[in-house]
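The residues making up each chain are set out below.
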Amino acid sequence: MKSSVLAGVRVLASGVDSLNLALDVKWNDDYIFEILELTKENALKLNKPIPFVINIPSRNEQLLFNFAPHGTKGYKWLFSSNEFAFRLYDAVEPKSRPNVMVEIRSETLWRRGIQEALDIIDEALKRWGADVLNKKTSRIDLCMDVLIPAPMWTEDLFDNMVVRARNVAKYTKNNALQGVHIGKGKLSGRLYDKALEIETSSQKTWMYDVWELKEVKENERAIRIEFQLLRETIKELGFNTIEETIKNLEAIWAYCSKDWLKFQTNPGKHHTQRKTLAWWSQIQNSFLGIPEPTSAIRSKAVRTTQLQLSSQVVGLITSLAATKDEFGTEPLFSKVTFKSLGYVFQKALRISGKTEEELRDAVNEKRAKNHRGKQKYKNANWERLNRDLPADIQSLTYALEEPYWVRFNYDS
């Protein structure tokens, strides 16, 4: 959906920002429990999380997690990453509660989309020898980001708030409004300065690509409107499984923004004497529904990965260069050049013991994987373009310019 403007308010993006699942799982045997327990014991010996990998050959993916040395909330094993968090307890079949809990995190939902994230969970559990009997929504966070004039973002804005909640807490710093938290427990809401939160806390700068903004100007504010629903509320609305929840996202948003929270004229008077403010009416009627993978996110993620890998390589090279003076018998370097560090890199290649053929094969294997990812990204953008949704046009133009062997060799 393209951005729209009404009463000085422009909708930037909307969708699902967090999703927790409660899974009833039947394991074919308890062999996986032995692996999980051994991993936990190793983490406990080190007293810190250790790497844990889930291979998904069907997707040519490896998911890397940090396995915790402890459980949580009655669950025996916990491992998490930037994309997912898993909690499991040692029951071959579900008993009084779900035996697997999964959190799908924000960047995964915006980058991959809900369905792809669910497919990954299914394939990971299937590979472990599990049958998913039931998949319920434990918690869902719906959000919308809007750009508003800075003078509008004051405590006076909330004088017109009508809400079915007793608890309302406003947060300010240096007399400047930062956010408002509404309600608690099974249903709660928040309005807050998302750009400020990114800058001071989350560092989720990729949201600017979702918004298609380079920056938020000084006379504007990027405000997030967010509703968090726990399972009790989701069931009260008539949705039990994750499939039912996904099909009714717009209905859930309508309930939250029309029945539970509103901004209207004449607050405190009889509802027949109130009228919904124009800017909030736009919020009520602009929810996008199921979030699709957003065009610029994939490109941003690639650039971020390149930066991270480059920083890691430089860190390792400088560490290897430092081992030349490991006994302290040589003076400190007075000068380090790109050329001298290049020699260190060549030394690393020799130490690794790999032949040029082995290195070539490793590079080509990773290039093939990257091409498949790019092709999938382009296909998703063609679909978005056909549905009149925002798409990464640059990637589609590049696809047309590629040699035919690139386009057709990586479709599988």
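Note that the structure is predicted; figures quoted are calculated from it, not measured. (Residues numbered from 1 in each chain as written. Predicted model: local features only at pLDDT ≥ 70, side-chain atom pairs only at ≥ 80, totals over all residues. Heavy atoms only, no water.)

Chemist: Sorry, what's going on with the nonpolar core here?
Modeler: General note: in soluble globular proteins, nonpolar side chains tend to be found buried as a group. Of all hydrophobic cores here, the largest spans 71 residues; its most connected members are W27, F79 and F86. For this core, the element with the most residues is strand β2 (residues 9-27), which contributes 8 residues. Once you skip the residues sitting within four places of it in the chain, F86 turns out to touch F65, W77, L78, F79, V100, M101, V102, I121 and L125. Counting residues in each nonpolar core, the second largest holds 15 residues, with A13, Y208, V210 and A222 among its members. (Core = buried A, V, L, I, M, F, W, Y, C linked by side-chain atoms within 4.5 Å. Buried < 20%, exposed > 50% of the residue type's maximum accessible area, 1.4 Å probe, protein only. Helix = DSSP H or I, 4+ residues; strand = E, 2+ residues; numbered from the N terminus. Contact = heavy atoms within 4.5 Å.)

Chemist: Looking at this model, I keep getting lost on the packing of aromatic side chains. Mind explaining?
Modeler: Two measures describe an aromatic ring pair: the distance that separates the ring centres and the angle between the ring planes. Scanning all chains against the criterion turns up 21 aromatic pairs. Through pairs of rings, three or more aromatic residues link up here, namely W27, F33, F52, F65, F67, W77, F79, F86 and W128. Cation over ring: R97 sits above Y75, and NZ or CZ is 4.5 Å from the ring centre. The ring of Y89 carries R97 above its face, with NZ or CZ at 4.9 Å from the centroid. (Phe/Tyr/Trp six-rings, centres within 6.5 Å; stacked < 30°, edge-to-face > 60°. Lys NZ or Arg CZ within 6 Å of the ring centre and 35° of its normal.)

Chemist: I'm lost on helix α1 (residues 31-46) in this one. Help?
Modeler: Residues spaced three or four apart along an α-helix point in a common direction, a consequence of the helix completing one turn every 3.6 residues. For α1, which comprises 16 residues, the first-to-last C-alpha distance of 24 Å matches the rise-based estimate of 22 Å (1.5 Å per residue) to within 8%. When α1 is considered as a whole, its buried residues turn out to be I32, F33, L36, T39, K40 and A43. Within α1, the buried residues cover an arc of 130° as seen down the axis, which keeps them to one side. Every exposed residue of α1 that faces more than 90 degrees away from the buried side is listed here: Y31, E34 and K45. Where α1 is buried, its residues contact β2, β3 (50-56), β4 (61-67), β5 (77-80) and β6 (84-88). (Expected span 1.5 Å × (residues − 1). Arc of directions from axis to C-beta.)

Chemist: I keep staring at helix α11 (residues 338-352) and nothing clicks. Help me out?
Modeler: Here α11 spans 21 Å end to end across 15 residues, near enough to the 21 Å set by a 1.5 Å rise per residue. With its phi angle positive at about 80°, G353 sits one or two positions after the end of α11.

Chemist: Even after reading the chapter, I still don't get the pattern of salt bridges, so can you show me in this structure?
Modeler: A side chain with one charge can pair with a side chain of the opposite charge if their charged atoms come near. For the structure shown, the criterion picks out 21 salt bridges. For E116, the salt bridge identified is with R59, shortest N-O distance 3.1 Å. Of this pair, E116 sits in helix α3 (residues 114-127) while R59 sits in the loop between β3 and β4; the two residues are 57 residues apart in sequence, bridging distant segments of the chain. E116 sits in the buried class, given a relative accessible area of 12%. (Salt bridge = Lys/Arg side-chain N within 4 Å of Asp/Glu carboxyl O.)

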